[in-house]
Amino acid sequence: QVQLVESGGGLVQPGGSLRLSCVVSGRIFSIYAMGWYRQAPGKQRELVANIISGGSTNYVDSVKGRFTIPRDNAKNTLLLQMNSLKPEDTAVYYCNSDLQERWYDSKRNYWGQGTQVTVSS
C-alpha cells in the first residue's frame, strides 16, 4: 500500500526557515509528479509547488523566490525548503503524488496526512 508521510512542520518566527519532507513508500512502479499543497483555516487547499517527471517545477506566485522543492528520486523523497517565512504561510501542508503502483495499473493520486506550519512571533 502506498503511503506519503510528511514531517518537519512546526512553529517558526517570521523570516525564519523550515524544511518539510515527504517520503513515498510502498509498491511504486513510477512516480509522475510530486508536490506540496497547503490549506489555511477557512481557505481552499492550494498548490504551493510541484515537480513533474522530467524535472520541471511550478510554484505559486506567493512563494516564488522563497520556497524550493528538492527531490531525491532514489529515496522517493520530496522536500519543501521554505525560507523568509511569513505569517500568511501558516497552513497545513500536504504532500501529493501521481504515481503508478504496478506497470499495468492506472496512474492514481495520493495524499499525505498533512503537517502544520505556523509562522508567528
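One can find the structure itself at the top, above this paragraph.
Here the residue numbers are simple positions, counted from 1 along each chain's written sequence. A pLDDT threshold of at least 70 governs which residues receive local features in this predicted model, and a stricter bar of 80 or more applies before side-chain atom pairs are shown or counted, although totals over entire chains, interfaces and linings include all residues. Derived side-chain values reflect all non-hydrogen atoms in the structure, with water molecules and hydrogen atoms excluded from consideration.

A.B. asks: Looking at this structure, I do not really get the environment of Tyr93. What am I missing?
C.D. replies: Following the sequence through the fold, Tyr93 ends up in strand β10 (residues 91-100). In the structure, Tyr93 is positioned 53 residues away from Ala40 in sequence and 8.8 Å away in space, judged by C-alpha atoms. In this analysis, two residues are considered to be in contact whenever any of their non-hydrogen atoms come within 4.5 Å of each other. Residues within four places of Tyr93 in sequence aside, it is in contact with Glu6, Leu20, Trp36, Tyr37, Arg38, Val48, Phe67, Leu80, Met82, Gly114, Thr115 and Val117. Residues adjacent in sequence count toward polar contacts only when both atoms are side-chain atoms; beyond that, a polar contact is any pair of N or O atoms within 3.5 Å, and within protein one must be able to donate a hydrogen and the other to accept it. Side chain to side chain, Tyr93 and Arg38 meet in a polar contact 3.0 Å long. Only DSSP runs of H or I covering at least 4 residues are called helices, and only runs of E covering at least 2 are called strands; the numbering of each starts at the N terminus.

A.B. asks: Would you take a moment to explain the pattern of salt bridges for this structure?
C.D. replies: Where charged atoms from two side chains of opposite charge approach closely, those side chains can pair. Any Lys or Arg side-chain nitrogen located within 4 Å of an Asp or Glu carboxyl oxygen qualifies as a salt bridge. Considering all chains together, one arrives at seven salt bridges under this definition. Among the salt bridges present, the one from Glu101 reaches Arg27, with a minimum N-O distance of 3.4 Å. Highlighted residues: Glu101 in the loop between β10 and β11 (108-111) and Arg27 in the loop between β3 (18-25) and β4 (30-39), separated in sequence by 74 residues. Relative accessible area decides the class of each residue, using a 1.4 Å probe on protein chains only: under 20% of the type maximum gives buried, over 50% gives exposed, and in between gives partly exposed. For Glu101, a relative accessible area of 13% gives the class buried. Owing to a relative accessible area of 41%, Arg27 belongs among the partly exposed residues under this scheme. Taking the shortest distance from any N to any O, the salt bridge between Asp89 and Arg38 comes out at 3.0 Å. Of this pair, Asp89 sits in the loop between β9 (77-82) and β10 while Arg38 sits in strand β4, and the two are 51 residues apart along the sequence. The residues Asp89 and Arg38 share a single accessibility class, namely buried.

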